[in-house]
Amino acid sequence: MTPLLEIQGLRTVFRSANGDIPAVDGVDLVVPRGKTLGIVGESGCGKSMLSLSVMRLVPRPGRVAAGRVLLEGRNLLDLSPAEMRQVRGGQVAMIFQEPMTSLNPVHPIGLQIMEAMRAHDTRAGQKELRERAIAALDRVRIPAPARRFDEFPHQLSGGMRQRVMIAMALACRPKLLIADEPTTALDVTVQAQILDLLGDLQAETGMSIVLITHDLGVIAEMADEVAVMYAGRIAERASATELFASPQHPYTLGLLGSVPRLDEAREELLAIEGAVPPPFALPKGCRFAPRCPFAIAACTTAPPPLEEVAPGHFAACIRAPVENSLDIAA
Amino acid sequence: MTTLLEVQDLTKHYPVRQGLLLAKQVGTVRAVDGVSFRIERGETLAIVGESGCGKSTTARLVLRLIEPTAGTVRFDGQEVSGAALRTLRRRVQVVFQDPYASLNPRLRVADTIAEPMEVHGIGTPESRAARVKELLGLVGLAPFHAQRYPHEFSGGQRQRIGIARALSVQPELIICDEPVSALDVSIQAQVVNLLKHLQRRFGLSYLFIAHDLAVVHHMADRVAVMYLGQIVESAAKQAVFANPRHPYTRALLAAIPQPDPRRRGLVKPIGGDVPSPMNPPPGCRFHTRCPHARPRCKAEMPTLREIEPGHTVACHFAEVLPPHVAAAEDGIAPVAAQRLALYAAARARRMEGRERPEI
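For clarity, every value in this text was computed on a predicted model and none was experimentally measured.

> What is the right way to read helix α11 (residues 250–258) of chain A from this model?
One turn of the α-helix equals 3.6 residues, which is why residues spaced by three or four share an orientation. The element α11 of chain A is extensively covered by neighbouring structure, given that 9 of its 9 residues are classed as buried. Restricting attention to buried positions, one finds in α11 of chain A the residues Pro 250, Tyr 251, Thr 252, Leu 253, Gly 254, Leu 255, Leu 256, Gly 257 and Ser 258 of chain A.

> Whenever I open this one, helix α6 (residues 185–202) of chain B confuses me. Can you help?
Residues and elements named next belong to chain B. A rise of 1.5 Å per residue sets the reference length of α6, with its 18 residues, at 26 Å; its end C-alpha atoms lie 26 Å apart and thus fit the reference within 8%. The element α6 is extensively covered by neighbouring structure, given that 14 of its 18 residues are classed as buried. At the C-terminal side of α6, Gly 203 shows a positive phi close to 60°.

> Sorry if this is basic, but what is going on with the interface of chain A and chain B here?
Interface extent is often summarised as the accessible area lost during association of the parts. Contacts between chain A and chain B engage 63 residues on the former and 59 residues on the latter. Where Glu 267 of chain A meets Lys 196 of chain B, a salt bridge forms, and the shortest distance between an N and an O atom there is 3.9 Å. At the boundary of chain A with chain B, the tally comes to 29 residue pairs in polar contact (both at pLDDT 80 or more). Here the residues of the side of chain A that touches chain B are counted per class, giving 35 nonpolar, 14 polar and 14 charged.

> Quick question: what am I supposed to make of a nonpolar patch on the surface here?
On the surface, a cluster of nonpolar side chains totalling about 500 Å² of accessible area is made up of Leu 20, Leu 21 and Leu 22 of chain B. Relative to the helices and strands, Leu 21 of chain B resides in the loop between β1 (3–18) and β2 (24–40).

> Explanation requested: the domain arrangement of chain B in the structure shown.
Residues and elements named next belong to chain B. For chain B, the assigned domains are domain 1 (3–16 + 28–220) and domain 2 (232–313). Taken over C-alpha atoms, the centre of domain 1 sits 28 Å from the centre of domain 2. Across the domain 1 to domain 2 interface the summed buried area is about 1100 Å²; carbon plus sulfur atoms make up 65%. Counting the surface domain 1 buries against domain 2, the share from its top three residues, Glu 50, Leu 213 and His 217, is 45%. Taken together, the links from domain 1 to domain 2 amount to 2 salt bridges. In this structure, the salt-bridge partner of Arg 289 is Glu 50, at a minimum N-O distance of 3.8 Å. Listed by contribution, the elements that provide at least two residues to the side of domain 1 that touches domain 2 are β2 and α7 (213–219). Class assignment for the residues of the side of domain 1 that touches domain 2 results in 5 nonpolar, 4 polar and 3 charged.

> Help me understand the UniProt feature "domain: ABC transporter" (unreviewed entry) in chain B in this model?
In the numbering used here, UniProt assigns the feature "domain: ABC transporter" (unreviewed entry) to residues 5–253 of chain B. Annotation note: span residues 5–253 of chain B, helix share 37%, strand share 29%, distance between end C-alpha atoms 28 Å.

> Would you mind going over the sheet that holds strand β3 (residues 44–48) of chain B with me for this structure?
Pairing between sheet strands relies on hydrogen bonds along the backbone, with the strands arranged either parallel or antiparallel. Residues and elements named next belong to chain B. The strand order across the open sheet built from 8 strands is β6-β7-β8-β3-β9-β10-β12-β11, with neighbouring strands paired in mixed fashion. At either margin of the open sheet sits one strand with a lone partner, and together these are β6 (92–95) and β11 (305–308). Between one strand axis and the next, the sheet turns through 20° on average, direction left out of account. Relative to strand β7 (residues 173–177), β6 runs parallel, the two sharing 4 bridges. Within the sheet, the bridge partner assigned to Gln 93 lies in β7 and is Ile 174. Helix α5 (residues 155–167) rests against β6 and β7 of the sheet, and its axis sits at about 175° to β6.

> When you look at the pairing of strand β3 (residues 36–40) of chain A in this model, what are you seeing that I'm missing?
Sheet faces and side chains relate simply in a regular strand, where the side chains alternate between the two faces. Residues and elements named next belong to chain A. Within β3, 5 of the 5 residues are buried, which leaves the element mostly enclosed by the surrounding structure. By the alternation rule, side chains of β3 split into Thr 36, Gly 38 and Val 40 and Leu 37 and Ile 39, which are all buried. Pairing analysis gives 5 bridges linking β3 to strand β8 (residues 208–213), with the strands arranged parallel. Bridge pairing in β8 links Leu 37 to Val 210.

> It is not clear to me how the pattern of salt bridges should be interpreted in this structure. Could you clarify?
Pairs can form between side chains of opposite charge once their charged atoms are near each other. Here the structure, examined in full by the defined rule, presents 40 salt bridges over all chains. Salt bridges here are not isolated pairs; linked through shared partners, they connect Arg 261 and Asp 263 of chain A together with Asp 260, Arg 262 and Arg 263 of chain B.

> Would you mind showing me how to read the packing of aromatic side chains here?
Two aromatic rings are characterised by how far apart their centres lie and by the angle between their planes. In the structure shown here, the tally under the stated rule is 7 aromatic pairs over all chains. Taking the centre distance of 5.2 Å and the plane angle of 85° together, the rings of Tyr 230 of chain A and Phe 288 of chain A count as edge-to-face. Of the two residues, Tyr 230 of chain A is situated in strand β9 (residues 225–230) and Phe 288 of chain A in the loop between α11 and β11 (307–310); the sequence distance between them amounts to 58 residues. One aromatic cluster is present, built from ring pairs that chain together Tyr 230, Tyr 251 and Phe 288 of chain A. Across the ring face of Phe 149 of chain A, the terminal group of Arg 130 of chain A is positioned such that the distance to the ring centre comes to 4.1 Å. The ring of Phe 317 of chain B has Arg 296 of chain B lying over it, and the distance from NZ or CZ to the ring centre is 5.9 Å.

Procedures and definitions
- Throughout this document, residue positions are counted from 1 along each chain, in the order its sequence is written.
- Each chain gets a letter, beginning with A, and each ligand a number, beginning with 1, in the order they are written.
- Whole-chain, interface and lining totals are the exception, using all residues; otherwise, since this is a predicted model, local features are given only for residues with pLDDT of at least 70 and side-chain atom pairs are given and counted only at 80 or more.
- Side-chain numbers here rest on the full set of heavy atoms in the structure, without hydrogens or water.
- Each residue's exposure class comes from its accessible area (1.4 Å probe, protein chains only) as a fraction of the maximum for that residue type: buried when under 20%, exposed when over 50%, partly exposed otherwise.
- To qualify as a helix, a DSSP run of H or I must reach at least 4 residues; to qualify as a strand, a run of E must reach at least 2; elements of each kind are numbered from the N terminus.
- In a helix, the anticipated span is given by 1.5 Å times the number of residues less one.
- Two residues form a contact once any of their heavy atoms are found within 4.5 Å.
- When a carboxyl oxygen of Asp or Glu lies within 4 Å of a side-chain nitrogen of Lys or Arg, that pair is called a salt bridge.
- Here a polar contact is taken to be a pair of N or O atoms separated by no more than 3.5 Å, where protein atoms must pair a possible hydrogen donor with a possible acceptor and residues adjacent in sequence count only if both atoms sit in side chains.
- Following the grouping adopted for this structure description, the nonpolar residues are Ala, Val, Leu, Ile, Met, Phe, Trp, Tyr, Cys and Pro, the charged ones are Asp, Glu, Lys and Arg, and the polar ones are all others, Gly among them.
- Patch building starts from residues that exceed 30% relative accessible area and form no salt bridge, then joins like charges within 9 Å and nonpolar side chains (Val, Leu, Ile, Met, Phe, Trp, Tyr) within 5 Å.
- Accessibility throughout is a Shrake-Rupley quantity obtained with a 1.4 Å probe, and a residue counts as covered only by protein chains that appear here.
- How far each domain reaches was decided by an automatic or database domain assignment.
- Buried surface area refers to the total accessible area, computed with a probe of radius 1.4 Å, that the two partners give up upon joining, counted for both partners together.
- UniProt positions are given in the numbering used here, feature names are shortened, and annotations may be inferred rather than shown by experiment.
- The rule for pairing is simple: two strands pair if DSSP sees at least two bridges between them.
- To get an axis, a line is fitted to the C-alpha atoms, and for a helix only the part in contact is used. The angle between two axes follows their N-to-C directions and goes from 0 to 180 degrees.
- Only Phe, Tyr and Trp rings take part, Trp by its six-membered ring, and two of them pair if their centres are within 6.5 Å. Stacked means planes under 30 degrees apart, edge-to-face means over 60, and tilted covers everything else.
- As a reminder, the over-ring test applies to NZ of lysine and CZ of arginine, requiring each to be within 6 Å of the ring centre and within 35 degrees of the ring normal.

Set out below in structure tokens:
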């Protein structure tokens, strides 16, 4: 069976006076059916640009310069704007970090859900759409959905707003939900509710989820497969179990070392030195080399290829696994 | 140890008015409602809670950036009021959450860092300039950064500038209001390490306001958990994390996803949202979301009481709650742990060769 979504050699660039600046630079990814792919990385690593590229919503002056985005074998990059509009919200839906800015403040939430439904089903009548919108609110466990239907976004809490966004995204039963930092703005108890809800809805509908986050805890809780991104490229890719049990790329190690753990007392966190390079001043070879404690001269000459280090486990590092690189590092 | 800061029954109520000309008071927001705590010299007290629980308001009340409705703040044994306020404002400094909003974009970094010294009349322009250089080194920035403007810096560097400014007048207590919440994880770790390093070096005390329990676990000596304007549990860090006695503390801990797929499915969400502080529920404010609530919880507000030395809880049933199942002390997976150790060693080796300590 073909995977639901396959991204091949995706390259998204922004035009500038000094030539094209890459935001996403040669990314290959696979999203299996009914599973969750977690994409983790810090701000500026290109994870949001990657998802916008899939939706063909890259803001100008950015554009997808190369690659293919295959949804069930069909390249989304070849579709006409009208065909793409049917894909967006129909087969692929997206939710964002800040639900307040994604909702229209002057319309009741119910009407906004109906609007999304009408875009993909022109034949349904007003009454039927209203009932379906109420059912959609009910599915995301909003209490008293018929009453909430007429409320405005400002009358809802942050968690409720994110539920409305999910209801809207799932209104047309998409096969793929792209969730871009869906719980970052929420309190931890509300985050737990939303993650729980997403898991249940996935089990119910069999949809695939691309979950973009900077939080390794959320990744460990939700993702089946994980891609670690750094400066527009995939640094490491593996199943979640494998990635946390046997991390290969030094950047992944740095991330794991930076997160304080509740089950461990460490005097000092293993912070990664320095900062993510801006996309207009990327280092030549491995983009992580300037911050990497294992870097050697060879790291700065050519970008490391993403190689299979174990079955299904890929890492873009010529020094991986790090235990083999000790003698030279010293 | 001696007590540096003692806060008693601190309260801040905001009137809610309706109408334009003859505005009538229609309600009260109980942002902070009878909060008491103390901070010993050299220790870190963390106040944790979700948005709207009053933790930031508490920080501002301690500094008198807003006037409390009731309650007292004693700093180093002296009640803070009138003339004592000016001394307090030197001996207590603050680092804010948003490093983009808390630095004046029109001031060079040198002027931002020197400003508190000017305000308090410390030193001459020359000595202040020398001190700015020293402070930049302390927080891991270079002397040439002094002549730059905030927009030239990343979020982590800006937070370092904010910390240098706070340190400039040699405070004894620094109030850190969500100092790392806006930063990326790798940068967050750098700033957390810096704060710990500075604390050891200068014997600083911290009032650390945060919502991230993992960061609190790393930073704090003692922890106070706030819910809807009140402290519901307060104890030494180990007690709060290993044996939490308030259902809300347990709910908070159970809600944190751990960076470890072996623990998947252990996240237990509790229902509902935080109620509005304008209409807090009667009785125990947590009873609307508490899985252990009983009729008494709706009727009677529990008071904060000591159930073990140094461990206070505001719950009628703290003693009879089912035992807490602490997160298993798995630690990090063995291969990952081994590689992390190698990473740490390699990192330490690289850092030895540097001139200035990058922390």
